[in-house]
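Given next are the chains, with one letter for each unit.
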Amino acid sequence: MKLHFLGGAMEIGGSCIYLRIADKGILMDAGIRQSGAKDPLPDFLTIQEQGGLDVIIISHAHMDHIGTLPIISKAYPHVPIYMTAMTADLTRVLLYDSLKIMNYRENEIPYYSERDVLSMLGRIRMGGYQTPIRIFDGFTLTFYPAGHIAGASCIYLTTEEGTVFYSGDFSAFSQRTIEGLSIPKLRPDISIVETTYGNRLHANRQVEEKRLVEMIKDCIKERKKILIPVFALGRAQEVLLILRGAIQNEEIPAVPVYVDGMVRDINIMYTRNPIYLKNSLGKRIMKGNEPFYTKEIQPVAANQKREDLLSGNEPAIFISSSGMLTGGPSTLYAKFLAVSENACIIITGYQDEESPGRQLLNLLENTGDRSLTLNGTTIPVNCRIEQVGLSAHGDKSEIMALLERLSARRIFLVHGNRDAMEALGKELVSEDYRRQIFLPECGQEYGVTLHDKRKQISFHPAFNMQMERDFCAGDEKLLWDFWQEHYSGMHFSIAQIAYIWYGRQVSDTDILQTMQECLWNNSYFAPNTKRLFLLEAKTPEDVAAALTPRELTQQELNVHIEKYFGNCPYRKISYHSSRREVLLQFDYPDAQDEEAFRQQAADFMAATGWTIQISPSMNHNAASLFLSILFGERISKISYYAERKCYMVTLENYCGQADDTAAEQFLHTTGWRLKFSGKGFLDEAISTCAGAVSGGQDEEFFWPVNGDRETAEQNQAFTCIDQMFEKLPHKPDKKSLKQDARGKYLEIGFISPAIGHRYQEHLQSLSDETGWRIRIADKVNQNELSRIAQMLCIKHDISLVKNPSYLPARKTIQMKIAKPQLPEKHERAAEEFREMTGCECIFVE
């Protein structure tokens, strides 16, 4: 076994460790150095010289552990990349942000392209905590919770030549967003452990959080503006929860808190991965509650000017990346606030020696020249400067406790400066002479031969069910009964539960995923109170309570309404508890797709036990306003006839085709017909009504050329339609038999009328062939439009903050995006959407 330290050895940054084990090349982390004084890239040449790469394993999503991942993945495109699901989501956000920063820098060539990032993301394979993954014959990878940040993992690699433990970055203490390090009794032959604070002890976490709150309270009292530069991932979320709790508990006044930079995007990733968070926070998210933002704490919107937020004399708090003031909006805020005596900057995390944040910390001990250099500009520092210890790394005591628990005889210390590593190394040797302590430097290689490999402790439950079929929905009660008899009060990972069910180790991710989906949030099992990725059986009392029908709260009903009807343009919800009914009020209820609503209502009732109906009342104020928009000042009178679902508009003059088109738009939008009266209207026969005959052969229909031809039988006509469109790009959504004053006709519905009009020649041919009048349905398939829009957003990596909404008057899908993104992405997605649906799509922030 050989260990090559390509980065992150005798330094902090650029973590990258290459292993050669049993003729396999294994890379653990691929970080970048963010200090300008050193080569930012690890020594990747060694990988080429030593035989290449077979697998990449990532501990967590900080840039000093993933920053060069697109580079090495591009060099070895066949190599899979393993990480947790949370780390995968975060990696995507951070690398795209890094790409944006590199593209903005002048006179610099980016290290990788967007295509490189996309390709790399496609090679990721996700693993859960405490779930063994067979990566090669004789090689098993297991992730364990490392604390530090959400999704962070310790890596445990079991191989034929020995077992390696790599801590990544870790912290043993519990934070507000995550629990601390959690590993069972492991028996590694080699331990590779971070030593960021190997010669320091941390202050008490609660004491430091209280200090932060008191500082902020004092600053608000003095009407100061406060900047807290934070690492977007991890530290930002901790600070937000501290402030949220302090405001709710009235420990500090409710002043505006502005959240800026990449922090906003990372917050979204947290809400998508509650299983990797602390129990209380994860459950809050799973119940549909917002974890970070409140009335006072809000993200800075794209249309907000930061200069306006900074103006005025009222106190405010700014939470922004980057944490070291090396980039991002925090540099703008710092440049504005540092020169002011009526401001305070609070540093909460590690600062590189050459970073602007380090310059501020040095001023705490230096009474001389008070200046700060930001982006090449030096400014005077007149503001108050404070530091609070909210580190997410283990201190000396935690590192030693971890090594004691692992009891490996060969220990490699990494991710620390020389002083910290040497001090810790000496103490470890003095405590146990049997340990071999290594302090590697970048570029060094170590050969290790293990003559007596430690025997591994495997999970072999005393009792298992020996099931020969796959676990499926409905098996929860059977598993729960067995669990109560043999493992009452215990909790297991999903891989361990699979072992109990099958009587053997299971590594198939599809089987494990299905099992987790069945066991998550059901009546018999629940997440562990401290670790959401572990499951435990509910007590008999809790099961009985869970199986007892209960009334849903209004908030819970709202979650289901949003799930099933989020794309519907309802304006108000009414609840009738006595009859367990929900009433949705629309401006134009008759324009809704009845068939689609009926199916959604059935799904809603199955999920909630409540019926849901559309209120039949038209919003006539909205209809009148719509008519005013369509016809302007030409309207002299508006009347409506509810029993006929028809509006009558008296116009000063009739504009022909333009008014006919407006009438069609009114019908499509409201579901009500529109008739005209006034000058230019000779009689009722030539009064225009959307969908009515206006003389001659109606232009809405395709008429058979031979009017005397006998019409085909209905089913035969439908078969002809199917055959006509069988090999065409678009297929009809719906075929139906309709009737008007002239008799029966066929109506063909497409995803939108615009798509139908692309096939006018085909429809005319069908009319000639079948003898039927044929009409294109004037409604769009909103559900399909929404689905296509969401799939295109996934394809083009466009993040949405809510489901797409349909604007019927404009035949347009509107999508609210999570952040400003590359316009080219929007244009490509809109062009594809237009081609596929005939409708438009717009993106709003």
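Before any of the text, the structure's been laid out above.
As the structure is a computational prediction, the values presented were derived from the model and not from experiment.

Enquirer: I keep staring at the environment of Pro-184 and nothing clicks. Help me out?
Expert: Note that Pro-184 resides in the loop between β10 (162–166) and β11 (190–194). Through-space distance from the C-alpha of Pro-184 to that of Arg-405 is 9.3 Å; in sequence the pair is 221 residues apart.

Enquirer: Would you mind going over the nonpolar core with me for this structure?
Expert: Across soluble globular proteins, nonpolar side chains show a tendency to be buried alongside one another. If you look at the biggest cluster of nonpolar residues, it comprises 160 residues, and the most contacted ones within it are Leu-27, Ile-72, Ile-192, Ile-216, Ile-228 and Ile-317. Top element by residues in this core is helix α4 (residues 85–104). It accounts for nine residues. When residues no more than four places from it in sequence are discounted, the contact partners of Ile-216 are Ile-226, Ile-228, Leu-243, Ile-252, Ile-317 and Ile-346.

Enquirer: I'm lost on the pattern of salt bridges in this one. Help?
Expert: Side chains carrying opposite charge are able to pair once their charged atoms draw close together. The tally for this structure, following the rule as stated, stands at 35 salt bridges. Ionic contacts of the salt-bridge type, sharing partners, join the residues Arg-92, Glu-114, Asp-797 and Lys-825 into one network.

Enquirer: In this structure, what is going on with helix α7 (residues 235–248)? I would like to understand it.
Expert: Every α-helical turn comprises 3.6 residues, leaving residues that sit three or four positions apart pointing alike. An ideal rise of 1.5 Å per residue puts 20 Å on 14 residues; α7 measures up with 20 Å between its terminal C-alpha atoms. Across the 14 residues of α7, 13 count as buried, placing the element largely inside the fold. Of the residues trailing α7, Glu-250 is marked for its positive phi of about 60°.

Enquirer: Would you mind showing me how to read the pairing of strand β27 (residues 581–586) here?
Expert: Every regular strand shows the same layout, with side chains that alternate between the two sheet faces. Buried residues dominate β27, accounting for six of its six residues. Every second residue of β27 is oriented toward a common face, with Glu-581, Leu-583 and Gln-585 on one face and Val-582, Leu-584 and Phe-586 on the other, all of them buried. As judged from the six bridges shared by strand β26 (residues 570–576) and β27, these two strands associate in the antiparallel manner. Note that in β27 the partner of His-576 across the bridge is Glu-581.

Enquirer: Would you mind going over the sheet that holds strand β16 (residues 343–347) with me for this structure?
Expert: Strand pairing in a sheet relies on backbone hydrogen bonds, with the paired strands running either antiparallel or parallel. Pairing is parallel across the open sheet formed by six strands, whose spatial order is β14-β13-β15-β12-β16-β19. Strand pairing shows two members of the sheet lacking a second neighbour, β14 (297–299) and β19 (384–387), which therefore form its edges. With direction set aside, neighbouring strand axes in the sheet form an average angle of 20°. Direction of pairing for strand β13 (residues 257–260) relative to β14: parallel, over a ladder of three bridges. Each residue of the ladder has a partner; that of Val-259, found in β14, is Pro-299. Most of the contacts of helix α11 (residues 329–337) go to strand β12 (residues 225–229), to which it runs at about 145°, and overall it touches β12, β13, β15 (316–320) and β16.

Enquirer: Honestly, unusual backbone geometry in this entry has me stumped. Any pointers?
Expert: Note on backbone geometry: most residues besides glycine have negative phi, and most peptide bonds are trans. In the segment running from Ser-321 into Ser-322, the intervening peptide bond is cis, with an omega of 5°. Within the secondary structure layout, Ser-322 lies in the loop between β15 and α11. A positive phi angle, close to 55°, is found at His-415, a residue other than glycine. In this structure, His-415 sits in the loop between β20 (410–414) and α14 (418–431). Residue His-415 is classed as buried on the basis of its relative accessible area of 2%. Phi is positive for Gln-466, close to 55°, though the residue is something other than glycine. Mapped onto the elements of the fold, Gln-466 is located in the loop between β22 (445–447) and α15 (476–486).

Thresholds, definitions, all that
- Residues numbered from 1 in each chain as written.
- Predicted model: local features only at pLDDT ≥ 70, side-chain atom pairs only at ≥ 80, totals over all residues.
- Heavy atoms only, no water.
- Helix = DSSP H or I, 4+ residues; strand = E, 2+ residues; numbered from the N terminus.
- Core = buried A, V, L, I, M, F, W, Y, C linked by side-chain atoms within 4.5 Å.
- Buried < 20%, exposed > 50% of the residue type's maximum accessible area, 1.4 Å probe, protein only.
- Contact = heavy atoms within 4.5 Å.
- Salt bridge = Lys/Arg side-chain N within 4 Å of Asp/Glu carboxyl O.
- Expected span 1.5 Å × (residues − 1).
- Pairing = 2+ DSSP bridges.
- Axes fitted to C-alpha atoms, helices over the stretch in contact; angles between N-to-C directions.

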